[in-house]
Amino acid sequence: MESLSGQTALVTGASRGIGQAIALELGRQGATVLGTATAEAGVEAINATLREHAIDGRGYVLDVGQAESVNQLAGQLQADGHTPTILVNNAGITRDNLLMRMGDEEWLSVIETNLNSVYRLSKLVIRGMMKARAGRIINIASVVGLSGNAGQSNYAAAKAGMIGFTKSLAREVGPRGITVNAVAPGFIQTDMTDGLGDEQREALLGQTALGRLGQVEEIAGAVAFLAGPAASYITGETLNVNGGLYMA
Amino acid sequence: MSSVEERVKKIVVEQLGVKEDEVTMEASFVDDLGADSLDTVELVMALEEEFKTEIPDEEAEKITTVQQAVNYVNASSE
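Please read these numbers as outputs of a predicted model, since none were measured by experiment. (Residues numbered from 1 in each chain as written. Chains lettered and ligands numbered in written order. Predicted model: local features only at pLDDT ≥ 70, side-chain atom pairs only at ≥ 80, totals over all residues. Heavy atoms only, no water.)

*Asks:* What's the story with the packing of helix α4 (residues 104–132) of chain A against helix α6 (residues 153–173) of chain A in this structure? I'm lost.
*Replies:* In a packed pair of helices, the relevant descriptors are the angle between the two axes and the axis-to-axis distance. All names here are of chain A. It is the contact of α4 with α6, at a shortest axis distance of 8 Å, that shows an interaxial angle of 15°. By the angle between their directions, the pair α4 and α6 is classed as roughly parallel. Seen from above, α4 lies across α6 with right-handed handedness. Side by side, α4 and α6 meet where Glu-106, Trp-107, Val-110, Ile-111, Asn-114, Leu-115, Val-118, Tyr-119, Ser-122, Ile-126 and Met-130 of the first sit next to Ser-153, Asn-154, Tyr-155, Ala-157, Ala-158, Lys-159, Gly-161, Met-162, Phe-165, Leu-169 and Val-173 of the second. In terms of residue class, the contact of α4 with α6 is made up of 15 nonpolar, 5 polar and 2 charged. (Axes fitted to C-alpha atoms, helices over the stretch in contact; angles between N-to-C directions. Helix = DSSP H or I, 4+ residues; strand = E, 2+ residues; numbered from the N terminus. Parallel < 35°, antiparallel > 145°, perpendicular 65-115°, else oblique. Left-handed = near helix turned anticlockwise from the far one by under 90°. Contact = heavy atoms within 4.5 Å. Nonpolar A, V, L, I, M, F, W, Y, C, P; charged D, E, K, R; others polar.)

*Asks:* Got a minute to help me understand the UniProt feature "modified residue: O-(pantetheine 4'-phosphoryl)serine" (unreviewed entry) in chain B in this structure?
*Replies:* As annotated in UniProt, the feature "modified residue: O-(pantetheine 4'-phosphoryl)serine" (unreviewed entry) corresponds to Ser37(B) in the numbering used here. Here Ser37(B) lies in helix α2 (residues 37–50). (UniProt positions renumbered as here; feature names shortened; annotations may be inferred.)

*Asks:* Teacher, can you tell me more about the interface of chain A and chain B here?
*Replies:* Many authors give the size of an interface as the accessible area that is lost as the parts come together. Every contact between the two is made by 8 residues of chain A and, on the other side, 8 residues of chain B. Around 670 Å² of area is buried between chain A and chain B when both sides are counted, 43% of it from carbon and sulfur atoms. On the chain A side of the interface with chain B, the three residues burying the most area are Arg127(A), Met130(A) and Arg176(A), jointly 67% of the side's total. Summed over the shared surface of chain A and chain B, the number is 6 salt bridges. Linking Glu42(B) and Arg133(A) is a salt bridge whose minimum nitrogen-to-oxygen distance equals 3.0 Å. The tally of links from chain A across to chain B stands at 5 residue pairs in polar contact (both at pLDDT 80 or more). Per-element accounting of the side of chain A that touches chain B gives the leading share, 3 residues, to α4(A). A breakdown of the residues in the side of chain A that touches chain B according to their chemical character gives 3 nonpolar, no polar and 5 charged. (Buried area = accessible area lost by both parts, 1.4 Å probe. Salt bridge = Lys/Arg side-chain N within 4 Å of Asp/Glu carboxyl O. Polar contact = N/O pair within 3.5 Å; in protein donor to acceptor, adjacent residues only side chain to side chain.)

*Asks:* When you look at the UniProt feature "binding site: NADP(+)" (unreviewed entry) in chain A in this model, what are you seeing that I'm missing?
*Replies:* All names here are of chain A. Taking the numbering used here, the UniProt-annotated feature "binding site: NADP(+)" (unreviewed entry) corresponds to Gly-13, Ala-14, Ser-15, Arg-16, Thr-38, Asn-90, Tyr-155, Ala-156, Ala-157, Ala-158, Lys-159 and Ile-188. The greatest C-alpha distance among the residues just named is 25.0 Å, and with 176 residues of sequence between them they are spread in space as well. Here Arg-16 is to be found in the loop between β1 (8–11) and α1 (17–28). Relative to the elements of secondary structure, Thr-38 occurs in the loop between β2 (32–37) and α2 (40–52). Apart from the residues lying within four places of it in its own chain, the contact partners of Thr-38 are Val-61, Leu-62 and Asp-63.

*Asks:* What should I look at first to understand the nonpolar core in this one?
*Replies:* Soluble globular proteins tend to bury their nonpolar side chains together. Residue and element names in this part refer to chain A. Formed by 32 residues in total, the largest nonpolar core has its most connected members in Ile-22, Leu-26, Val-88, Val-183 and Val-223. Listing elements by their share of this core, those giving two or more residues are β1, α1, β2, α2, β4 (86–89), β5 (135–140) and α9 (216–227). The dominant element in this core, judged by the number of residues it contributes, is α9, at 8 residues. Each residue touching Leu-26, except ones within four places of it in the same chain, is listed here: Leu-4, Ala-9, Val-11, Ala-31, Val-33, Val-88, Ala-224 and Ala-227. (Core = buried A, V, L, I, M, F, W, Y, C linked by side-chain atoms within 4.5 Å. Buried < 20%, exposed > 50% of the residue type's maximum accessible area, 1.4 Å probe, protein only.)

*Asks:* Please clarify how the sheet that holds β1(A) should be interpreted in this entry.
*Replies:* Strand pairing in a sheet relies on backbone hydrogen bonds. The paired strands run either parallel or antiparallel. Residues and elements named next belong to chain A. Here we have 7 strands laid out as an open sheet, ordered β3-β2-β1-β4-β5-β6-β7, and parallel in their pairing. The strands lining the two open edges of the sheet, one partner per strand, are β3 (57–61) and β7 (238–241). Put simply, the sheet's adjacent strands are angled 20° from each other on average, direction ignored. For β1 and β4, the ladder comprises 3 bridges, and the chain directions are parallel. Bridge pairing links Val-11 to Val-88 in β4. On top of the sheet, α6 reaches β4, β5, β6 (178–185) and β7; it is set at about 160° to β6, its chief contact. Against the sheet, α9 touches β4, β5, β6 and β7, its axis set at about 165° to β6. (Pairing = 2+ DSSP bridges.)

*Asks:* Looking at this structure, I do not really get the packing of helix α1 (residues 4–16) of chain B against α2(B). What am I missing?
*Replies:* Residue and element names in this part refer to chain B. Viewed as axis vectors pointing N to C, α1 and α2 meet at an angle of 140°, and their least axial separation amounts to 10 Å. Classed by the angle they form, the pair α1 and α2 counts as oblique. Crossing angle aside, the handedness with which α1 passes α2 is right-handed. Between α1 and α2, the contacting residues are Arg-7, Val-8, Ile-11, Val-12, Gln-15 and Leu-16 on the first element and Asp-39, Glu-42, Leu-43, Ala-46, Leu-47 and Glu-50 on the second. When grouped by side-chain class, the residues that make up the contact of α1 with α2 number 7 nonpolar, 1 polar and 4 charged.

*Asks:* Quick question: what am I supposed to make of the UniProt feature "active site" (unreviewed entry) in chain A here?
*Replies:* Residues and elements named next belong to chain A. Those places that UniProt annotates as "active site" (unreviewed entry) correspond, in this numbering, to Tyr-155. Along the chain, Tyr-155 falls in helix α6. Once residues within four sequence positions are removed from consideration, Tyr-155 is found in contact with Ile-93, Thr-94, Val-110, Asn-114, Ser-142, Val-144 and Met-192.

*Asks:* What am I meant to see in unusual backbone geometry here?
*Replies:* Residues other than glycine predominantly adopt negative phi, and peptide bonds predominantly adopt the trans conformation. All names here are of chain A. Not every positive phi belongs to a glycine, and Ala-54 is a case in point at roughly 55°. In this structure, Ala-54 sits in the loop between α2 and β3. On the accessibility criterion, Ala-54 (71% relative accessible area) is exposed. Even without glycine at this site, Arg-133 takes up a positive phi of about 60°. Secondary-structure assignment places Arg-133 in the loop between α4 and β5.

Have a look at this one:
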């Protein structure tokens, strides 16, 4: 199935985990994939993965938390003649701590990387999408942005902020044929969740209706759906992909 | 090279999807030509591209007619 041929997808945080799976799935469906990573090694990993799967596209260095870095990417994309028609805001970090112990750096870095980045990247692509009268923006939020989670007030605030942003931008650019949606993953097996303790893991699995962790491909499938023609009338929506961990 | 007036009018026709004869110098983008807030932002973006200039928000707000757009471009290129 090549439902995304002719599309150009910009995927942040594409060197591993959920972002890598999204990049591969969008590529498999025919999109040209521009993946970003914070360091050169990540970019090489993206290039190698794309080449291995015969997907058109390439990696770029980008720190989504730095305005200057986003500006540089904008210049590079222009120079390379790429105008993204799909943006997946996936890059994110965690700095978990109880609020009483949380430092400014932990709060600010999570807001900067997970939320301010969405503002910056969306601005980067929106002009081209407005002109094209088409486009898809997909923000990778989290179940935590809906349910809350002790020790993640920073992360939950950023992810809930992302969902509010999604709804507002969907209203703004809807008249131009651009859709803006979020995907809220639950407990997915990645480097990020590998860092959780056994006790936390057991507790989360106990609350998950399907009784297992999700796989990155299961998030990628939801993103590809929202990016594709089948989702043309869906906008401002947050799609929960969490195995029944939380039901809105 | 066409005049500033012709270039502005061409952009307005393209952006707002209106007929050329509707685009008089006095025509208001919102009241006469049916532009919404998104249209006016796009119009300003198109003017910026055409005339290779940056129009600050406080100036953009004052550009509500074809004449005002022409005046702004002429003033900024002096």
